[in-house]
Amino acid sequence: MRQAIIVGASSGLGKEVARLLLADGWRIGIMARREEALLELKAGNPAMVEVEACDITQETAPEKLLSLIEKLGGIDLYFHASGIGKRNEVLDSKVEDDTVITNVLGFTRMIDAAFNYMAASQGGQIAVISSIAGTKGLGPAPSYSATKAFQGIYIQALEQLANKRRLNIRFTDIRPGFVETPLIEGSTYPLTLDKTQTARTIVKAVYAGKHVQIIDWKYRLVVFFWSLIPNALWRRLKLTK
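Residues numbered from 1 in each chain as written. Predicted model: local features only at pLDDT ≥ 70, side-chain atom pairs only at ≥ 80, totals over all residues. Heavy atoms only, no water.

Caption draft 1: A look at a nonpolar patch on the surface. Together, Trp217, Leu221, Phe224, Phe225 and Leu228 make up an exposed nonpolar region whose accessible area comes to about 560 Å². In this structure, Trp217 sits in helix α7 (residues 217-228). (Patch = residues over 30% accessible without salt bridge, like charges linked within 9 Å, V, L, I, M, F, W, Y side chains within 5 Å. Areas by Shrake-Rupley, 256 points an atom, 1.4 Å probe, with all protein chains shown as cover. Salt bridge = Lys/Arg side-chain N within 4 Å of Asp/Glu carboxyl O. Helix = DSSP H or I, 4+ residues; strand = E, 2+ residues; numbered from the N terminus.)

Below you can see the structure in the form of structure tokens.
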């Protein structure tokens, strides 16, 4: 039986991916801050779901991850869907600090714990929801785009490290655009994606062992044209009114 841990499974894409893996016969461990939301998911299939309430910004988060792995009896897939981000053109320091602490410090702690566990066992797969926002610096959301760039570069570096050490650890960097989840609730964005369909695409990319998956074709075009814009021009673009 395949076993996966989904961090950030209480809502949004993490919750949708957890449901799809369950439907495919995976035994899963789910983590998030809101335990009640996790228990709702467990109630539908208690024998197949283990729960661990966890805030990834806390120093004890890696220990809780290892505890959850122990409950499962091992892990084939670590799926990281936990993250925050807001528009912040006024550079509110709390927004910037919280984003960096969650998307960089918390992210790194959890990814490292999963990597080290897999390195000491039979390997596995690490999949991360980053964002197309990490492909360019976005003035309306500075810390969000910067931290998402960090995530993509970090797992690329770990993949190189795994290859050097001849570890059987695979990596998948999932880069969605705007998805209809609580992360963008209350805001109006173009080209929004349905979360259920996005989750299906994510699971297919994980099964296929993709290194990088941009979702969907519209955003692949966006990223392609972004890449053609010289940095000297990009710096002067007005992305908002």
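Caption draft 2: A look at the side chain of Thr147. Position of Thr147 relative to the elements: it lies in helix α5 (residues 142-164). Taking relative accessible area as the criterion, Thr147 reaches 3% and is therefore assigned buried. A polar contact is formed between the side chain of Thr147 and the side chain of Asn103, at a distance of 3.2 Å. Not counting the four nearest positions on each side in its chain, Thr147 is found in contact with Thr99, Val100, Asn103 and Val104. (Buried < 20%, exposed > 50% of the residue type's maximum accessible area, 1.4 Å probe, protein only. Polar contact = N/O pair within 3.5 Å; in protein donor to acceptor, adjacent residues only side chain to side chain. Contact = heavy atoms within 4.5 Å.)

Caption draft 3: Structural detail: the pattern of salt bridges. A full pass over the atoms with the stated rule returns seven salt bridges. Close ionic contact of Arg27 with Glu50 constitutes a salt bridge, the shortest N to O distance being 3.0 Å. Within this pair, whereas Arg27 is found in strand β2 (residues 27-32), its partner Glu50 is found in strand β3 (residues 49-53), the two being separated by 23 residues in sequence. Looking at Arg27, the relative accessible area reads 15%, which means it is buried. A salt bridge links Arg175 to Asp173; the shortest N-O distance between them is 2.9 Å.

Caption draft 4: Layout of the packing of aromatic side chains. Evaluation of the coordinates by the stated rule reveals seven aromatic pairs. With centroids separated by 6.3 Å and ring planes inclined at 75 degrees, the aromatic side chains of Phe107 and Tyr154 adopt a geometry described as edge-to-face. Residue Phe107 is found in helix α4 (residues 93-120), and its partner Tyr154 is found in helix α5; the two are separated by 47 residues along the sequence. Put simply, the rings of Phe107, Phe150 and Tyr154 pair up and form one aromatic cluster. When the ring centre of Trp234 is taken as origin, the NZ or CZ atom of Lys136, which lies over that ring, is 5.1 Å away. (Phe/Tyr/Trp six-rings, centres within 6.5 Å; stacked < 30°, edge-to-face > 60°. Lys NZ or Arg CZ within 6 Å of the ring centre and 35° of its normal.)

Caption draft 5: Here's a closer look at the packing of helix α3 (residues 61-72) against α4. With their axes 9 Å apart at the nearest point, α3 and α4 run at an angle of 40 degrees to one another. Taken as axis vectors, α3 and α4 run oblique relative to one another. By crossing handedness, the relation of α3 to α4 is classed as right-handed. Across the interface between the two elements, Ala61, Pro62, Leu65, Leu66 and Ile69 of α3 pack against Arg109, Met110, Ala113, Ala114 and Tyr117 of α4. Here the residues of the contact of α3 with α4 sort into nine nonpolar, no polar and one charged. (Axes fitted to C-alpha atoms, helices over the stretch in contact; angles between N-to-C directions. Parallel < 35°, antiparallel > 145°, perpendicular 65-115°, else oblique. Left-handed = near helix turned anticlockwise from the far one by under 90°. Nonpolar A, V, L, I, M, F, W, Y, C, P; charged D, E, K, R; others polar.)

Caption draft 6: Geometry of unusual backbone geometry. Cis geometry marks the peptide bond from Ile215 to Asp216, where omega comes out at -5 degrees. In this structure, Asp216 sits in the loop between β7 (212-215) and α7. Backbone geometry places Leu91, a non-glycine residue, at a positive phi of 55 degrees. A positive phi is found at Arg166, a non-glycine position, where the angle reads about 60 degrees.

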